[in-house]
Amino acid sequence: MIRSLSFDNILNKKYEYIPFSKDFMDAFGKRQKSGAWIIYGKSGQGKTSFTFQLAREFDRIGYKVLFISLEMGVESDFRDSLLGFMNSSRSGMLFWDEVPTFEEFDEFLGKQRSPDVVIIDSLQSLEGEMDVTAKQLVELRKKYRKKIFVYISHVEGKEVQGTVAYRVKRDCFSRIEVNGFCARYMSRGVPGPKGFYVVWKEGYERCWLRNSDEPFNSNSNEQDN
């Protein structure tokens, strides 16, 4: 059955927003506590570091976070990277280095006290290990409307790598491109007043400021791609 909404229905609808700290709010603005995010960029540009910083921010807020580390596993390199950004967890962050079947994953998300935020590194590994489709991931986002799904993606040229990643990106309302240790808001909606987040100050300065280039123009966000 098609559900129709009146003008007043939309105006009176209540939304829950993520209570970001100033740096994240300045970059990404008011973002709903729901839906899907995608973080993408080339290797060596700060993508993983930004993901850890975002996970730490969600944990600081008190959201329960599940980090599915298919790309790095949970070996020493992952541990050392994690400890570089946080030495404790407020919310009891969970980590998986492998994924069960899609049905088991779906069942886990439906349990009481399941995570508020699910971070998956990466979409390419998820597709390869679970044989998951973009349609299934979109259905998960619609089924668990109060959760935040954060997908990490490699790129090929200027676009995310693979059909699944491209279709998931189209479904994401929050798209973050990481380049030169700078995470740029590239999506629908209004970003924060700054429009980008500096992942690593020294690397950012080396890539952008020393060349006297503006790293990103916050008014040039992609709106419909």
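Residues numbered from 1 in each chain as written. Predicted model: local features only at pLDDT ≥ 70, side-chain atom pairs only at ≥ 80, totals over all residues. Heavy atoms only, no water.

A.B. asks: Before we go on, may I ask you to explain the overall build of the protein in this structure?
C.D. replies: On a plain count of helices and strands, the protein comes out with nine helices and ten strands. For the protein, the C-alpha radius of gyration of 17 Å lies close to 17 Å, the compact-globule estimate for 225 residues. In terms of its C-alpha atoms, the protein occupies a principal-axis envelope of roughly 55 × 45 × 35 Å. For the protein, with 225 residues in total, the buried portion stands at 48%. In the protein, once contacts between residues fewer than 6 apart in sequence are set aside, the share between residues at least 24 apart is 72%. In the structure as shown, the protein presents an accessible area of about 12500 Å², 47% of it carried by carbon and sulfur atoms. (Helix = DSSP H or I, 4+ residues; strand = E, 2+ residues; numbered from the N terminus. Rg over C-alpha atoms; globule rule 2.2 N^0.38 Å. Buried < 20%, exposed > 50% of the residue type's maximum accessible area, 1.4 Å probe, protein only. Contact = heavy atoms within 4.5 Å. Areas by Shrake-Rupley, 256 points an atom, 1.4 Å probe, with all protein chains shown as cover.)

A.B. asks: Can you help me understand the packing of helix α5 (residues 102-109) against helix α7 (residues 134-143) in this one?
C.D. replies: The axes of two packed helices give the description: the angle between them and the distance between them. Running from N to C, α5 and α7 cross one another at 15°; their axes reach a closest spacing of 11 Å. The pairing of α5 with α7 is recorded here as roughly parallel in orientation. The two elements α5 and α7 cross, and the hand of that crossing is right-handed. Taken together, the residues of α7 that come into contact with α5 (itself represented by Phe-102, Phe-105, Asp-106 and Leu-109) are Gln-136, Leu-140 and Lys-143. (Axes fitted to C-alpha atoms, helices over the stretch in contact; angles between N-to-C directions. Parallel < 35°, antiparallel > 145°, perpendicular 65-115°, else oblique. Left-handed = near helix turned anticlockwise from the far one by under 90°.)

A.B. asks: Help me understand the sheet that holds strand β5 (residues 148-153) in this model?
C.D. replies: Strands in a sheet are paired, the pairing made by backbone hydrogen bonds, and the direction either parallel or antiparallel. In space, the eight strands of this open sheet follow the order β3-β2-β4-β5-β1-β8-β9-β10, with mixed pairing throughout. Because the sheet does not close on itself, it has two edges, and the strands there are β3 (94-96) and β10 (196-198). Going from strand to strand, the sheet's axes swing by 15° on average, the running direction of each strand aside. (Pairing = 2+ DSSP bridges.)

A.B. asks: Would you mind showing me how to read the environment of Val-168 here?
C.D. replies: By the element assignment, Val-168 lies in helix α8 (residues 163-171). A relative accessible area of 3% places Val-168 in the buried class. Beyond its immediate sequence surroundings of up to four residues, Val-168 is in contact with Leu-123, Ala-134, Leu-137 and Tyr-151.

A.B. asks: Is there a simple way to explain helix α3 (residues 47-61) in this structure?
C.D. replies: Each α-helix turn comprises 3.6 residues. Residues three or four places apart therefore point the same way. End to end, α3 covers 21 Å across 15 residues, agreeing with the expected 21 Å (1.5 Å per residue, within 8%). Counting buried residues along α3, eleven of its 15 residues qualify, which places the element largely inside the surrounding structure. When α3 is considered as a whole, its buried residues turn out to be Lys-47, Phe-50, Thr-51, Phe-52, Gln-53, Leu-54, Ala-55, Glu-57, Phe-58, Asp-59 and Ile-61. The first or second residue beyond α3 is Gly-62, which carries a positive phi of 110°. (Expected span 1.5 Å × (residues − 1).)

A.B. asks: Even after reading the chapter, I still don't get the side chain of Asp-59, so can you show me in this structure?
C.D. replies: By the element assignment, Asp-59 lies in helix α3. Put simply, Asp-59 is tucked away with no salt bridge, and the nearest opposite charge, on Arg-90, sits 6.9 Å away. A distance of 2.9 Å separates the side chain of Asp-59 from the backbone nitrogen of Arg-90, its partner in a polar contact. Apart from residues lying up to four places away in sequence, Asp-59 is in contact with Val-65, Met-86, Ser-88, Ser-89, Arg-90, Ser-91, Gly-92 and Met-93. (Lys, Arg positive; Asp, Glu negative; His and termini not counted. Salt bridge = Lys/Arg side-chain N within 4 Å of Asp/Glu carboxyl O. Polar contact = N/O pair within 3.5 Å; in protein donor to acceptor, adjacent residues only side chain to side chain.)

A.B. asks: Would you explain the nonpolar core in this entry?
C.D. replies: In summary, soluble globular proteins display a tendency toward joint burial of nonpolar side chains. Membership of the largest hydrophobic core comes to 36 residues, with the highest contact counts inside it found for Phe-28, Phe-50, Leu-54, Phe-58, Val-150 and Ile-176. Ranked by residue count, the leading element in this core is α3, at six residues. Apart from residues no more than four positions distant in its own chain, Ile-176 is found in contact with Phe-28, Trp-37, Ile-38, Ile-39, Tyr-40, Phe-50, Ala-183, Arg-184 and Tyr-185. Counting 30 residues, the second-largest nonpolar core is a separate cluster that includes Met-130, Val-132, Ala-134 and Val-160. (Core = buried A, V, L, I, M, F, W, Y, C linked by side-chain atoms within 4.5 Å.)

A.B. asks: Help me out: how do you make sense of the packing of aromatic side chains in this one?
C.D. replies: For any two aromatic rings, the description comes down to two numbers: the centre-to-centre distance and the angle of the planes. Inspection of every chain in the model, using the stated rule, returns 22 aromatic pairs. Site record: aromatic cluster; members linked through ring pairs are Phe-20, Phe-24, Phe-28, Trp-37, Phe-50, Phe-58, Tyr-63, Tyr-185 and Tyr-197. The aromatic ring of Tyr-17 is capped on one face by Lys-30, whose charged end is 4.3 Å from the ring centroid. (Phe/Tyr/Trp six-rings, centres within 6.5 Å; stacked < 30°, edge-to-face > 60°. Lys NZ or Arg CZ within 6 Å of the ring centre and 35° of its normal.)

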